[in-house]
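# Notes for the structure review
Residues per chain are reported as follows:
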Amino acid sequence: MSTSFILENTVIPSVRDLKQLRIALKSVSPIILLSETHIGNLQSLTRKCHESNKKVIVHLDLVGGLNKDPIGLKMLRDLFKVDGIISPNVKIINQAKDLGLFSIHRLFLLDSRSLETGLKSTNGSQLDAIEVLPGPFAKHFIEQIKTFKKAPVLAGGFISTKEDVAELFNAGFHGITTSSSDLWKTK
């Protein structure tokens, strides 16, 4: 899978509540992030997304009932038909890539050391994109991140206003992930 479905200035719906899925399916985004789900409903959610021509990314740490190991990743691909994952774990990112899953490496900015350590960890990562949290803080480091790793960069976390979205896109992010459904552009 290529990075081509992360389009410039994409607002990616991060669905944490099943009630939000209906809105997300009407969004213009080619991707839906299922942030909180479990293996009992993942297959039907993925099918609904695919029927609406949406790629499905899951936050691996928030898929209830699934082991974060090679077998769990194979299940995501083969049984649940997801298109990709988000994880802060380089080993998991690389295993997912080896299985042909789209892989987004999540970086948390807590302090300067976490930025440095996080960027170094991307060296060994076969990532397709990087997501940096928290978004409003990440904008201060976008150039450093882009210089360090050539990949689309997303912002996530604490993005709740149209002004946040505009500032992040103006700063140079390719896309953002947000659970604020009022920021999801709909058809």
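This report concerns the structure included in the present document. Keep in mind that what you see is a predicted model, and the values were worked out from it rather than measured.

### So, helix α2 (residues 42-51)
Three or more residues of α2 are buried, namely Leu-42, Leu-45, Thr-46 and Cys-49. The buried residues of α2 occupy one face: seen down the axis, they fall within an arc of 100°. The inward-facing, buried residues of α2 abut α1 (18-25), β2 (31-34), β3 (37-38), β4 (55-59), β5 (63-64) and α3 (70-78). Where α2 ends, the next residue or the one after it, Asn-53, has phi of about 60°, a positive value.

### Structural notes on the pairing of strand β1 (residues 10-15)
For β1, the buried fraction is high: six of the six residues fall into the buried class. Taking every second residue as pointing to the same face, both faces of β1 are buried, with Thr-10, Ile-12 and Ser-14 on one and Val-11, Pro-13 and Val-15 on the other. When β1 meets strand β10 (residues 175-178), the two strands line up parallel, connected through four bridges. If you follow Pro-13 over to β10, its bridge partner there is Thr-178. Note: β1 against β2, two bridges, orientation parallel. Note on β2: the bridge partner recorded for Ser-14 is Leu-33. Taken together, β1, α1 and β2 form a β-α-β motif whose crossover is right-handed.

### Considering a nonpolar patch on the surface
On the surface, a cluster of nonpolar side chains totalling about 270 Å² of accessible area is made up of Ile-71, Met-75 and Leu-79. Take Met-75: it is sitting in helix α3. Looking at Met-75, the relative accessible area reads 32%, which means it is partly exposed.

### Examining the sheet that holds β10
An order of β1-β2-β4-β6-β7-β8-β9-β10 is seen for the eight strands of this closed barrel, with the pairing classed as parallel. In this sheet, adjacent strand axes meet at a mean angle of 25° when their direction is disregarded.

About the thresholds
- Residues numbered from 1 in each chain as written.
- Predicted model: local features only at pLDDT ≥ 70, side-chain atom pairs only at ≥ 80, totals over all residues.
- Heavy atoms only, no water.
- Buried < 20%, exposed > 50% of the residue type's maximum accessible area, 1.4 Å probe, protein only.
- Helix = DSSP H or I, 4+ residues; strand = E, 2+ residues; numbered from the N terminus.
- Arc of directions from axis to C-beta.
- Contact = heavy atoms within 4.5 Å.
- Pairing = 2+ DSSP bridges.
- Right-handed = clockwise from strand over helix to strand, strands pointing away.
- Patch = residues over 30% accessible without salt bridge, like charges linked within 9 Å, V, L, I, M, F, W, Y side chains within 5 Å.
- Areas by Shrake-Rupley, 256 points an atom, 1.4 Å probe, with all protein chains shown as cover.
- Salt bridge = Lys/Arg side-chain N within 4 Å of Asp/Glu carboxyl O.
- Axes fitted to C-alpha atoms, helices over the stretch in contact; angles between N-to-C directions.

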